[in-house]
Amino acid sequence: MRYKLLGKSGIRVSEVCLGTMTFGEEWEGMKVAAPRDECQKIFDAFAQAGGNFIDTANYYNFGSSEKYLADFIRAERERFVLATKYSLSMRPNDPNAGGNHRKNMVQSLEASLRRLKTDYIDLYWLHAWDFTTPVNEVMHAFDDMVRAGKVLHIGISDTPAWIVAKANTIAQLRGWREFVGLQVPYSLVERAVERELLPMARDFSMSVAAWAPLGMGVLTGKYSKRNSTPANGRLEGAEHPHLTAFTSERSFAIADKVQQLAGELGRKPSQVALSWIRHKGAIPIVGARKAAQIVENIECVDLNLSADQVRTLDEVSRIEMGFPHDFLQGDATRGQIFGENVSRVDVTPRHGQEPV
């Protein structure tokens, strides 16, 4: 396992992050839960492989994920870069128990610290933007948590690029702590983040952590057109609420190409899909319900795809960038901007705007 710097910070994180949404049994109905003994095996396999970056959230299995991790990391707390999140409501009948505001941040952080049995969080994520809390309030509250020593670094997940850019710019101007990490859904079957979020992250030197890097299992070959249910268009076994977003004719075509390439390489489809994510510079967040799954997925670090193989996967999974990207990169527009010098002037995009 190799290590990467986390954004503008000097902290080193493993090139694969352990996602612990499955730690706990409260979500058994969604098939994203695992018993404690198996979670211990998953954690041990990750740690033994050199992994030190762990991602959880207060909401995962309604707190059980954090409670399990408290025991797993206790003997070597200092070794691990522990990340958790706030935003999602832990008390549905309380209007202030969810959202991005200061009250929920403070209460959620204190509760996470208790469940995790630790004095500080290495990376504290805002889980999802609520479109009601002022950006200024969020960044000021985060900075206060850092100054109090309860949080070392901050990150943001599932938020529009313009809001993240505004937040980091405000933080820069006021001397507050900036976001060092961005967490987004990113995989061969979900590349929409390449339009705005990834270029923005590059411009602010933010690390990108990719959730659902295997398309909720679609890229492993677990689901296919053959086990779809024509009556309602859903897949058999599609228990997770976000899975249907990854199941389409396009997704299955991409999965077929991944399986074909895996066969040629003598590797698992999951390892090919994760290696592509790593090639793009993102850190895949890999979860599992069984220890064997995490062992298989971690082996992606030993697979380096060739330029031709990456190009093949890029082509089969390509998305339309839409306006203004396609318009500005078009020959007509570039000719109007640069005139007759378009082929003679170095017009390589700058400031993180280059296409992925």
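For the structure given in this document, a descriptive report is provided here. (Residues numbered from 1 in each chain as written. Predicted model: local features only at pLDDT ≥ 70, side-chain atom pairs only at ≥ 80, totals over all residues. Heavy atoms only, no water.)

Moving on, we get to the overall build of the chain. Secondary structure summary: the chain contains 12 helices and 10 strands in total. Relative to the globule expectation of 21 Å for 356 residues, the C-alpha radius of gyration of the chain, 21 Å, shows essentially globular dimensions. For the chain, the spread of C-alpha atoms along the principal axes amounts to about 65 × 50 × 45 Å. For the chain, the proportion of its 356 residues judged to be buried stands at 51%. A separation threshold of at least 6 residues defines the contact pool for the chain, and within that pool the share at least 24 residues apart is 76%. Summed over its atoms, the accessible surface of the chain is roughly 16,700 Å², and 50% of this surface lies on carbon and sulfur atoms. Positive and negative side-chain charges in the chain, numbering 43 and 43 respectively, have mean positions lying 2 Å apart. (Helix = DSSP H or I, 4+ residues; strand = E, 2+ residues; numbered from the N terminus. Rg over C-alpha atoms; globule rule 2.2 N^0.38 Å. Buried < 20%, exposed > 50% of the residue type's maximum accessible area, 1.4 Å probe, protein only. Contact = heavy atoms within 4.5 Å. Areas by Shrake-Rupley, 256 points an atom, 1.4 Å probe, with all protein chains shown as cover. Lys, Arg positive; Asp, Glu negative; His and termini not counted. Charge placed at Lys NZ, Arg CZ, Asp CG, Glu CD.)

Pairing within the closed barrel is parallel, and its 8 strands lie in the order E3-E4-E5-E6-E7-E8-E9-E10. Across the sheet, the mean angle separating the axes of adjacent strands is 30° when strand polarity is ignored. Two strands pair when backbone bridges link them, and strand E7 (residues 151–157) and strand E8 (residues 179–185) are joined in this way by 4 bridges, in the parallel orientation. Residue pairing in the sheet places Ile156 in a bridge with Leu182 of E8. Helix H1 (residues 36–48) contacts strand E3 (17–19) and strand E4 (53–55) of the sheet and is inclined by roughly 175° relative to E3. (Pairing = 2+ DSSP bridges. Axes fitted to C-alpha atoms, helices over the stretch in contact; angles between N-to-C directions.)

Another aspect to go through is the environment of Glu194. Mapped onto the elements, Glu194 comes out in the loop between E8 and helix H6 (197–203). With 127 residues separating them along the chain, Glu194 and Met321 place their C-alpha atoms 8.0 Å apart. A distance of 2.9 Å separates polar atoms of two side chains, one belonging to Glu194 and the other to Arg191. (Polar contact = N/O pair within 3.5 Å; in protein donor to acceptor, adjacent residues only side chain to side chain.)

A few words on the pattern of salt bridges. Scanning all chains against the criterion turns up 17 salt bridges. Among the salt bridges present, the one from Lys85 reaches Asp55, with a minimum N-O distance of 2.6 Å. Residue Lys85 is found in strand E5 (residues 81–86), and its partner Asp55 is found in strand E4; the two are separated by 30 residues along the sequence. Here the two residues Lys85 and Asp55 agree in accessibility, since each one is buried. Between Asp71 and Lys117 there is a salt bridge whose closest N-O contact spans 3.6 Å. Taken together, the residues Asp71 in helix H2 (residues 64–73) and Lys117 in the loop between helix H3 (102–116) and strand E6 (121–126) connect sequence positions 46 residues apart. (Salt bridge = Lys/Arg side-chain N within 4 Å of Asp/Glu carboxyl O.)

With that out of the way, let us pick up H3. Taking 1.5 Å of rise per residue, the 15 residues of H3 would be expected to cover 21 Å, and the 21 Å separating its terminal C-alpha atoms lies within 8% of that figure. Those residues of H3 that sit buried are Asn104, Met105, Ser108, Leu109, Ala111, Ser112, Leu113, Arg115 and Leu116. Elements in contact with the buried residues of H3: H2, E5, E6, helix H4 (135–147) and E7. Once H3 ends, the next one or two residues include Lys117, with phi positive near 55°. (Expected span 1.5 Å × (residues − 1).)

Further remarks concern a nonpolar patch on the surface. On the surface, Phe323, Phe327 and Leu328 cluster together into a nonpolar patch covering about 350 Å² of accessible area. Mapped onto the secondary structure, Phe327 falls in helix H11 (residues 325–329). With relative accessibility at 44%, the residue Phe327 sits in the partly exposed group. (Patch = residues over 30% accessible without salt bridge, like charges linked within 9 Å, V, L, I, M, F, W, Y side chains within 5 Å.)

Here Asn100 is to be found in the loop between E5 and H3. Judged by relative accessible area, Asn100 falls into the buried class, the value being 1%. Polar side-chain contacts of Asn100 include one of 2.9 Å to the side chain of Ser87. At 2.7 Å, the side chain of Asn100 and the backbone nitrogen of Asp130 are in polar contact.

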